[in-house]
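Structural overview
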Amino acid sequence: MQPDVTPAHLDLTFMAPLSEERAAKLIDFVSANLIGTVTDVGCGWAELLIRSLEVTPNARGIGIDLQKSLITHGLALARESFG
């Protein structure tokens, strides 16, 4: 079992050193013609997954991460975005 540790980069939007510009390019790539379900393995708090689903309302998403606290935070962010 992995210890539940506070992420080192809470001041970042993403759980990786990713610029908004690069994130937008990734989201455009992933969401172009997206139909069905997208799975984000190691999603952290799912910021990229949520943004991808915001621009593809007919798609579904599954976020997978080992740290429960990150999933909990990601679910809260998803509720803010999707109600």
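Each remark here, short or long, concerns the structure printed above.
Presented here is a report on the structure given in the accompanying data block. (Residues numbered from 1 in each chain as written. Predicted model: local features only at pLDDT ≥ 70, side-chain atom pairs only at ≥ 80, totals over all residues. Heavy atoms only, no water.)

For the rest of this paragraph, the subject is the pattern of salt bridges. Inspection of every chain in the model, using the stated rule, returns three salt bridges. Linking Arg-51 and Glu-20 is a salt bridge whose minimum nitrogen-to-oxygen distance equals 2.7 Å. Highlighted residues: Arg-51 in helix 2 (residues 47–54) and Glu-20 in helix 1 (residues 20–31), separated in sequence by 31 residues. With relative accessibility at 43%, the residue Glu-20 sits in the partly exposed group. Residue Glu-47 is joined to Arg-51 by a salt bridge in which the shortest nitrogen-to-oxygen separation is 2.7 Å. Linking Glu-47 with Arg-51, this pair stays in helix 2, spanning four residues, or about one helical turn. (Salt bridge = Lys/Arg side-chain N within 4 Å of Asp/Glu carboxyl O. Helix = DSSP H or I, 4+ residues; strand = E, 2+ residues; numbered from the N terminus. Buried < 20%, exposed > 50% of the residue type's maximum accessible area, 1.4 Å probe, protein only.)

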